[in-house]
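Summary of structural features
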Amino acid sequence: MATTRTARIANDTPFCDARAAMEKIIERLLAMASEGASLSQVTQLLASDGTAMLRELMQSYVDRCAAQEQRVAVVGADGVARSDARVSSRRIETPVGEVEVKRMLYQAPGVAGLAPLDAALGLPEEKYTHDLRRIVAEESARASFDEVVELVAKHTGAEVPKRQVEELATRAACDFDEFYRSRLGPPEDTDHLLILSFDAKGVAMLHRDLRAATRKAAEETPRRLETRLTKGEKPNRKRMAEVATVYTLKPWPRSIADVLHGLRDQADKAAHRPRPANKRVWASISHTPQRVIDDAFAEAVRRDPEHRRRWVVLVDGNRDQLRRIQRAASAIGVEITIVLDIVHVLEYLWRAAYAFHPEGTEAAESWVEGRLLALLNGRTAGEIAKSLRLMIKSHGLDADAAKAVTRAAGYLVKNTRLLHYDRALADGLPIATGVIEGACRYLVKDRMGRTGARWSLSGAEAVLRLRALRASGDFDDYWAFHLAKEHERTHQSRYAGGAVPNPLGPRRPKLTLVK
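Keep in mind the model is a prediction, meaning the values are calculated, not measured.

1. Examining the sheet that holds strand 7 (residues 277–284)
On the basis of which strands lie adjacent, the open sheet formed by five strands has the order 7-6-5-8-9 and mixed pairing. Each of the sheet's edge strands pairs with one partner strand only, and the pair in question is strand 7 and strand 9 (336–340). If you compare each strand with its neighbour and ignore which way they point, the axes differ by 20° on average. Against the sheet, helix 12 (residues 289–303) touches strand 5 (193–204), strand 6 (238–249), strand 7, strand 8 (311–315) and strand 9, its axis set at about 15° to strand 6.

2. A word on the nonpolar core
Core analysis: the biggest nonpolar cluster contains 112 residues, and Phe-297 and Tyr-421 have the highest contact counts within it. In terms of nonpolar packing, the next biggest core, distinct from the first, is built from six residues, Val-72, Val-74, Tyr-106 and Tyr-495 among them.

3. Looking at the packing of helix 15 (residues 362–376) against helix 16 (residues 381–394)
Geometrically, a packed helix pair is captured by the angle between its two axes and the distance between the axes. Following both chains from N to C, one finds helix 15 and helix 16 inclined at 150°, their axes separated by 9 Å at the closest point. Taken together, the axis directions place helix 15 and helix 16 in an arrangement best described as roughly antiparallel. Note that helix 15 runs across helix 16; the crossing there is right-handed. Contact residues: helix 15 offers Trp-367, Arg-371, Ala-374 and Leu-375, while helix 16 offers Ala-381, Ile-384, Leu-388 and Met-391. Classifying every residue of the contact of helix 15 with helix 16 gives seven nonpolar, no polar and one charged.

4. As for the environment of Thr-433
With respect to the helices, strands and loops of the structure, Thr-433 is situated in the loop between helix 18 (421–427) and helix 19 (434–448). Here Thr-433 is in contact with Ser-197, Leu-314, Val-315, Asp-341 and His-344, once residues within four sequence places are set aside.

5. As for the packing of aromatic side chains
Taken as a whole, this structure holds eleven aromatic pairs when the rule is applied. A ring pair is formed by Phe-176 and Tyr-180, whose centres lie 5.1 Å apart and whose planes are at 65°; its orientation type is edge-to-face. Residue Phe-176 and its partner Tyr-180 are both found in helix 8 (residues 176–182); the two are separated by four residues, about one turn of the helix. As far as the burial class goes, Phe-176 and Tyr-180 line up, both buried. Measuring from ring centre to ring centre gives 6.4 Å for Phe-198 and Phe-297, while their planes differ by 10°; the resulting arrangement is stacked. Residue Phe-198 is located in strand 5, and its partner Phe-297 is located in helix 12; the two are separated by 99 residues in the primary sequence. Judged by its relative accessible area of 1%, Phe-198 is buried. A cation over a ring is seen here: Arg-351 above Tyr-348, with NZ or CZ 5.0 Å from the ring centre. Directly above the ring of Tyr-442 sits Arg-467, whose terminal nitrogen or CZ lies 4.2 Å from the centroid.

Parameters and conventions
- Residues numbered from 1 in each chain as written.
- Predicted model: local features only at pLDDT ≥ 70, side-chain atom pairs only at ≥ 80, totals over all residues.
- Heavy atoms only, no water.
- Pairing = 2+ DSSP bridges.
- Helix = DSSP H or I, 4+ residues; strand = E, 2+ residues; numbered from the N terminus.
- Axes fitted to C-alpha atoms, helices over the stretch in contact; angles between N-to-C directions.
- Contact = heavy atoms within 4.5 Å.
- Core = buried A, V, L, I, M, F, W, Y, C linked by side-chain atoms within 4.5 Å.
- Buried < 20%, exposed > 50% of the residue type's maximum accessible area, 1.4 Å probe, protein only.
- Parallel < 35°, antiparallel > 145°, perpendicular 65-115°, else oblique.
- Left-handed = near helix turned anticlockwise from the far one by under 90°.
- Nonpolar A, V, L, I, M, F, W, Y, C, P; charged D, E, K, R; others polar.
- Phe/Tyr/Trp six-rings, centres within 6.5 Å; stacked < 30°, edge-to-face > 60°.
- Lys NZ or Arg CZ within 6 Å of the ring centre and 35° of its normal.

Quick look at the structure:
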C-alpha cells in the first residue's frame, strides 16, 4: 500500500491508478469477447475489478483534495485557537472499499484537534461513510442484521461486522423524532376525514431491556429447562410496541347492505372503498404509549391546526388506550369521534356463536349475521348483551360453554357508547381498523417477530423507526435532514460560531453556456 501511494503522489496525474485499472478492465473485456464469454462472466468481472477501480477513483479524489488543502485559521467552540497544524490521516470505509484520507489536523495544548477537511468532505465521526450507513439503514429495515452483513459484503466493496450494523442502524434513526417535530408546511387543504388509529404489538426482548414490572415477573417465573421456554414460561418475555397511524380519508356513506355485501365479497368492497391519503405510520418500543398517542395528535394538529375537519379515532376497545386518547384530545381541545373496530366485535360474536352452533356451520354464520345486523340497524349494544345472557339460560349452557357468551356480552356493554354503527355509516366514517392492523403486521410482526429473535431496546427502536420511514414514504426527506443534523453535530458544533473554515478555498462559480 505504501509503495502504491508513493507512486501515486509522485505522479502529476492523481487519477493515474484509476486509469490504469480501467485499461486493464478494457483489455480483459476485449479478451473475453474473443473467447465468447457469457454475460454472467462479464458481470462477475465488473463486480470485482470494477469495484476495485471505483475504489481507486475514490482514493484519487481524496488525494487530490488533500493536495489542494490550504492553511486556515481554526478556532474551536471552546474559544481556543488551534495554531499547530500537522499532517494526519484516517481510514474510512466507503461502499467501494476502504480509502485513506490525509488532511491537516489543527491542535493546541489541552484540547481536541480539529480537521476542517473532514467537514469539507462531509466525513462522519466514525469510520463508515454516510453512503454506506444509508445502505445499512435501508437494509436493516428489511432484513436481519446477519443478512445485512452478508448483503454488504456481497454487493459492495465494504465490510461491516454485525455489531457495527446494529450501531449504524441506531445512529441512522437518531433524528426520527426531531424530523417529524420540525416538519413545516401548509395544513392539508381538504375537508376529508382526519383518521387516527392505535394498537400495540409485543416484541420479544433481551431480559435486561424488558420493562421493570415485566422483568420482575419473568424473574419470578421458575424455569424447568435450561435450553428453551416451556408452556407457561413464555409470558413476560415481551415489551409492547405502541403503533400509531394518521391519514386522510374521503367520507364514504354506505348502507347496511353495502357492509354485509362487503363482508362476503372483499374484492368488490376494495374496488369501491376510498383509499387512505397522506398516510403516516410509526411505532415505538422505547417511548410510553401516551407519548406515541400525543405525537399522533400533534401530527394531526399539524395537518388541521384550526380543527375544522372531523377527527375520527378507530380503537379496539382497550380501556387504557381509550383513556390515553381522551387525555390527548383534551390536552389540545379537539372534539373526536371514537369508533370501535367492527372486526373485534365480530370476533367476540363468533366465539359466542360456537356455544350454540357447531364451528364452521351456516347456522353459526347466520347467528353472527343476525347480531351484526341488529348493531348496524342501531339496536343498542346493551339490548343485544341482555339477549345473549337470556340465551345462556334458555339453552341451559354450562359454565364452560357460557364463558364465551358472557365475555361477548360484557364486551358489548363496556363499549356501548362506541358502537353506533348506524350513525357512522350514514356519516361515511370507517368502522374497521384495517390500516393499523396492517401497520402492526408490517412494522412489527414481519421484521421483529422472527423465530428466535431477541431484541435490544436500542436495536428494536431503530428498526421500527427505519421501517416507519419507508412505510410512510419519508425516507429520502429524512435522510437529507439527518445528514444536515450529522454535519451540525460532528463539525459545526466544534468550531467557534458554528462556522467551519473551508480549507479548499472558494468554490468556482458554475458557468452558464450562452448561445
